[in-house]
Amino acid sequence: MKVLSTITEMQTEMIKHKASGKTIGFVPTMGFLHEGHLTLLKKARKENDIVVLSIFVNPLQFGPNEDFSTYPRDFDRDRKLAEKENADYLFYPSVEEMYPQKSSVTVTVHERTDVLCGKSRPGHFDGVATVLTKLFHIVMPTNAYFGKKDAQQVAVVEGLIKDFHFPIVLVPVDIVREEDGLAKSSRNINLLPAERVQAASLSRSLKLAQSAIEQGERNPLNISAMIKEMIENETDAAVDYIEIYSYPQLQPLEILKGTIIIAMAVKFTKVRLIDNVIMTID
Ligand code: PAF
């Protein structure tokens, strides 16, 4: 596995592979890899000639009071994991390499950002779309792999690829969970021990909602109230949002019908966790 940290080196290698007709699978991450990322890498390995992993904690997508400085980082561990998954390239640029001066052009996302994480994290998806535009130009992937835990990100990236005509296939991959149901996340490490136990309530409450819908409940307000009650009874966390929309359009619904997303964000002492379920109702 080659570890490259400059854009020029990376582009030179990718142009070479493209010219020889190779397919490139790309897994963009912010590092501190967990099983969710490894699942993306495994899928990319199966479906492409060349696999590229990027690790870059992108300052542009963090708000001033968010966890950019405390976002977990462990490059040596990540490098070993990427090697074990047979990645061909690990792109690991510095902030100076990616943003050598104040950007004169950035990407603004106009749709699907006034709900869910976009509402409580203004500018977050502009930062994601901007860095992905750069990374797509650097890596030139055939296929790009994203986890469905960040379902709003998947919807936004779908718009970015379509609107900017990137010749890239977006491959959304199912959420990977711990044994007790907690969605795998690099941020889970920042849960206090008691909170780690409580955090299983997020997926439990989604399961409860799912089975209520399966039994005929169609009122989104009743579903969100049910989830809220469970989180408040079982955790010390503060609910940031519990929202239900059509997916991937992210439009509000009066009655549950079609493909929907039930999504939540919950704040623990040092970490805010998200989780969701996407389901189709006849
Ligand atoms: O999902 C992430 O880790 C980040 O938002 C991404 C896609 C790597 C962009 O910085």
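Provided above is the structure to which this section pertains.
Here the structure is a predicted model, which is why all the values come from computation and not from measurement. (Residues numbered from 1 in each chain as written. Predicted model: local features only at pLDDT ≥ 70, side-chain atom pairs only at ≥ 80, totals over all residues. Heavy atoms only, no water.)

### Thoughts on the overall build of the protein
Just so we agree on the cut-off: Here a strand is any run of E in DSSP of at least two residues, a helix any run of H or I of at least four, and the numbering for each starts at the N terminus. Radius of gyration here uses only the C-alpha atoms, and the compact-globule reference equals 2.2 Å multiplied by the residue count raised to the power 0.38. Burial classes: relative accessible area under 20% of the type maximum marks a residue as buried, over 50% as exposed, and values in between as partly exposed (1.4 Å probe, protein chains only). The contact criterion used is simple: two residues touch if any of their non-hydrogen atoms lie within 4.5 Å. To measure how exposed things are, a 1.4 Å probe is used in the Shrake-Rupley method; for residues, cover is taken only from the protein chains shown. In summary, the charge assignment counts Lys and Arg as positive and Asp and Glu as negative, without counting His or the chain termini. Charge coordinates come from a single atom per side chain, which is NZ of Lys, CZ of Arg, CG of Asp or CD of Glu.
Assigned secondary structure in the protein consists of 10 helices and nine strands. Relative to the 2.2 N^0.38 estimate, which gives 19 Å for 282 residues, the radius of gyration of the protein is 19 Å and therefore close to what a compact globule would have. Among the 282 residues that make up the protein, the fraction classed as buried is 52%. Sequence separation of at least 24 residues holds for 72% of the intrachain contacts in the protein that already meet a minimum separation of 6. Accessible area for the protein stands at about 13,700 Å²; split by element, carbon and sulfur atoms hold 52% of it. Between the averaged position of the 33 positive side-chain charges in the protein and that of its 37 negative side-chain charges there is a distance of 4 Å.

### Focus: the environment of Arg-112
For clarity, the cut-off: Within 3.5 Å is the distance limit for a polar contact, defined as a pair of N or O atoms, with the added protein rule that one can donate a hydrogen and the other accept it, and that residues adjacent in sequence qualify only through two side-chain atoms.
With respect to the element layout, Arg-112 can be found in the loop between α4 (95-98) and α5 (116-120). Taking the C-alpha atoms as reference points, Arg-112 and Ala-155, 43 residues apart in sequence, are found 7.6 Å from one another. Once residues within four sequence positions are removed from consideration, Arg-112 is found in contact with Gln-152, Ala-155, Val-156, Glu-158, Gly-159, Pro-248, Gln-249 and Leu-250. Separated by 2.7 Å, the side chain of Arg-112 and the backbone oxygen of Ala-155 make a polar contact.

### A few points about the site of the ligand
Quick note on the threshold: Residues are classed as near a molecule or strand on a simple rule: at least one heavy atom within 4 Å of it. Gly is placed with the polar residues, together with every amino acid not listed as nonpolar (Ala, Val, Leu, Ile, Met, Phe, Trp, Tyr, Cys and Pro) or charged (Asp, Glu, Lys and Arg).
Near the ligand you find Pro-28, Thr-29, Met-30, Asn-58, Gln-61, Val-128, Val-131, Phe-146 and Gln-153, and these make up its full shell. In the environment of the ligand, an oxygen atom lies 2.6 Å from a nitrogen or oxygen atom belonging to the side chain of Gln-61. One of the side-chain nitrogen or oxygen atoms of Gln-153 is found 2.7 Å away from an oxygen atom of the ligand. For the ligand, the protein covers 90% of the area, taking 290 Å² as the surface of the free molecule. Looking at the shell around the ligand, the elements with two or more residues in it are β2 (24-29) and α6 (124-139). For the shell around the ligand, the class distribution of residues is five nonpolar, four polar and no charged.

### Some remarks on the side chain of Lys-184
Counting through the fold element by element, Lys-184 comes out in the loop between β6 (169-173) and α8 (193-198). The contact partners of Lys-184, leaving out residues within four places of it in the chain, are His-34, Glu-35, Gly-36, Lys-149, Val-176, Arg-177 and Glu-178.

### Overview of the nonpolar core
To keep things clear, this is the line we draw: Only buried residues count toward a nonpolar core. Its members are Ala, Val, Leu, Ile, Met, Phe, Trp, Tyr and Cys residues joined through side-chain atoms within 4.5 Å.
Met-10, Val-52, Met-98, Leu-132, Phe-136, Phe-146 and Leu-250 are the most contacted members of the largest nonpolar core, which has 47 residues in total. Counting residues per element, this core draws most heavily on α6, which supplies nine residues. Not counting the four nearest positions on each side in its chain, Met-98 is found in contact with Ile-7, Phe-56, Phe-91, Pro-93, Val-131, Lys-134, Leu-135 and Ile-138. Formed by 25 residues, the second largest nonpolar core is a distinct cluster that contains Ile-223, Met-264, Val-266 and Val-277.

### What to know about α6
To keep things clear, this is the line we draw: By this rule, a helix spans an expected 1.5 Å times one less than how many residues it contains.
Here α6 is 16 residues long and its end C-alpha atoms lie 22 Å apart, about the 22 Å a rise of 1.5 Å per residue gives. A large share of α6 lies buried, amounting to 13 of its 16 residues. At the exit of α6 stands Met-140, carrying a positive phi of roughly 50°.

### Digging into the packing of helix α9 (residues 200-214) against helix α10 (residues 220-234)
To be explicit about the condition: With axes taken as lines fitted to C-alpha atoms, and helix axes fitted only over the stretch in contact, angles between N-to-C directions fall between 0 and 180 degrees. Under this scheme an angle from 65 to 115 degrees is roughly perpendicular, one under 35 degrees roughly parallel, and one over 145 degrees roughly antiparallel; angles in between are oblique. For a crossing to be left-handed, the near helix must be turned anticlockwise from the far one by less than a right angle; the clockwise case is right-handed.
Where α9 contacts α10, the two axes come as close as 9 Å, and the packing angle between them is 150°. With respect to α10, the axis of α9 lies roughly antiparallel. In this structure, α9 meets α10 at a crossing whose hand is right-handed. Here Ser-201, Leu-202, Arg-204, Ser-205, Leu-206, Leu-208, Ala-209, Ala-212 and Ile-213 of α9 come into contact with α10, specifically with Ile-223, Met-226, Ile-227, Met-230, Ile-231 and Glu-234.

### Focus on the sheet that holds strand β4 (residues 89-91)
Sheet strands pair via backbone hydrogen bonds, and the direction of the pair is either parallel or antiparallel. For clarity, the threshold we go by: Paired strands, as defined in this entry, are two strands with at least two bridges between them according to DSSP.
Pairing in this open sheet of six strands is parallel, and the strands run β1-β4-β3-β2-β5-β6 from one edge to the other. A single partner strand is all that each edge strand has here, and the edge strands are β1 (2-4) and β6. Averaged over neighbouring strand pairs, the angle between their axes works out to 25° when direction is ignored. One ladder, built from three bridges, connects β1 with β4; its direction is parallel. Across the sheet, residue Val-3 finds its bridge partner in β4, namely Leu-90. Sheet strands in contact with helix α3 (residues 75-84) are β1, β3 (50-55) and β4, and its direction is about 155° off that of β4. With respect to the sheet, helix α7 (residues 151-163) is in contact with β5 (143-147) and β6, its orientation differing from that of β6 by roughly 175°.

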